[in-house]
Each structure stands twice: as C-alpha cells, then as structure tokens.
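Here is how the chains run, residue by residue.
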Amino acid sequence: MFQIRSAKTTDVPAISKIAAPLVDSRVLLGKEMVETYEAIQEFVVAEQDSKLLGFGALHVMWQDLAEVRTLVVDEEAKRQGIGRALLLELEVKARALGVTRVFCLTFEKEFFSANGYQVISDVPVDPATYAELVRSHDNGVAEFLDLARVKQNTLGNSRMLKQL
C-alpha cells in the first residue's frame, strides 16, 4: 500500500524522472531542477517501498486561492487511487492554509470533474484582486488570469476551479 507524505529535497530527481515523459510530450511544462528544489515545500509525494509513484504541488496564489500544480502519477502506477489521494492531501493542505478555492489548468478534465472541479471561462476574482494578481511574475497566476503571454502554454488545457 502506498503512503502520501510531504516531499523532501531527496525526492527531486525522482520527481523530475516521472515528469520527463509528460514534459517530452508537452503535457507538462518543463521545469529546471532548481525550480523544483525551490518549491519542494509545496509538494506531496506518493511512495511505496521507498519508490516514488507520484507527486503534486499546491501553490498559494491569493488569500483564498491556490493552484494544484503538476499532479502526476507514474505510468506504471496508474489506476490505483494515487492521483485522487494526492489531490485530497493537497486540498487538506489548502484548507489548513485558509484557502477556500483551488484552481488547476489541466488536460485531465474527467479526473478533476470527478473530484468536484468545474470548468471556468472567466476569472473569478474581483477587480481589486485581479489588479494585485496581474503583478505576479508567476506563470501559474498568469494562466489563472488567462493572460495572453501564456496562451501558447495553455492550448488544449481546461481551466478548472473547486470550492472547498
């Protein structure tokens, strides 16, 4: 049976290895290893017998809003409930931080829909919050805001949101 735990810096090489096929097929945006190390505190991993099976990250965007990022399960470990367990753990973390809405940008519309996420077409923040968020240099925030500068990265993806 697998377990979910907070990621450690020693997990970064395995995270990069599991993500590589999805980066190669352009499902995920590639990240430099240093970026993963810098954000490791945002990650949770699924592990069984000291082998990493999957991972996901939660990135806070605003007072009540966070993004589920790079939720990935190793191809050999799919259909075992690992993705759902990772997502639930990220949502627990979001609630503990005071976040009430979770966003994702995904090709896996069916998976996220089954877990309570709904496709959005607008930017569900008030104008004052929008004005603050637009100042961010983070691509995930730009994707949430549906800014033109990230359109080439988001083609075919669905923007989805869940109220916690």
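Here the structure is shown first, and the text comes after it.
Fair warning: this is a prediction, and the values are worked out from it, not measured in the lab.

Brief notes about the overall build of the protein
When helices and strands are tallied, the protein shows seven helices and seven strands. Computed over its C-alpha atoms, the radius of gyration of the protein comes to 15 Å, within 12% of the 15 Å expected for a compact globule of 164 residues. Along the first, second and third principal axes, the C-alpha set of the protein runs to 50 × 30 × 30 Å. For the protein, the accessible area works out to roughly 9200 Å², and carbon and sulfur atoms hold 51% of it.

What to know about the pattern of salt bridges
A complete count under the given rule lists eight salt bridges for this structure. Between arginine 5 and aspartate 11 there is a salt bridge whose closest N-O contact spans 2.8 Å. Arginine 5 gets classed as buried once you look at its relative accessible area, which sits at 15%. What makes aspartate 11 buried here is its relative accessible area of 8%. A salt bridge links arginine 101 to aspartate 64; its shortest N-O distance comes to 3.2 Å. Of the two residues, arginine 101 sits in strand β5 (residues 101-106) while aspartate 64 sits in the loop between β3 (51-62) and β4 (65-73), which places them 37 residues apart along the sequence. In this structure aspartate 64 comes out as partly exposed when scored by relative accessible area, which is 23%.

Some thoughts on the pairing of β3
Counting buried positions along β3 gives nine out of twelve residues, so the element sits mostly inside the fold. Two strands pair when backbone bridges link them, and β3 and β4 are joined in this way by seven bridges, in the antiparallel orientation. Note that in β4 the partner of phenylalanine 55 across the bridge is valine 72.

About the criteria used
Residues numbered from 1 in each chain as written. Predicted model: local features only at pLDDT ≥ 70, side-chain atom pairs only at ≥ 80, totals over all residues. Heavy atoms only, no water. Helix = DSSP H or I, 4+ residues; strand = E, 2+ residues; numbered from the N terminus. Rg over C-alpha atoms; globule rule 2.2 N^0.38 Å. Areas by Shrake-Rupley, 256 points an atom, 1.4 Å probe, with all protein chains shown as cover. Salt bridge = Lys/Arg side-chain N within 4 Å of Asp/Glu carboxyl O. Buried < 20%, exposed > 50% of the residue type's maximum accessible area, 1.4 Å probe, protein only. Pairing = 2+ DSSP bridges.

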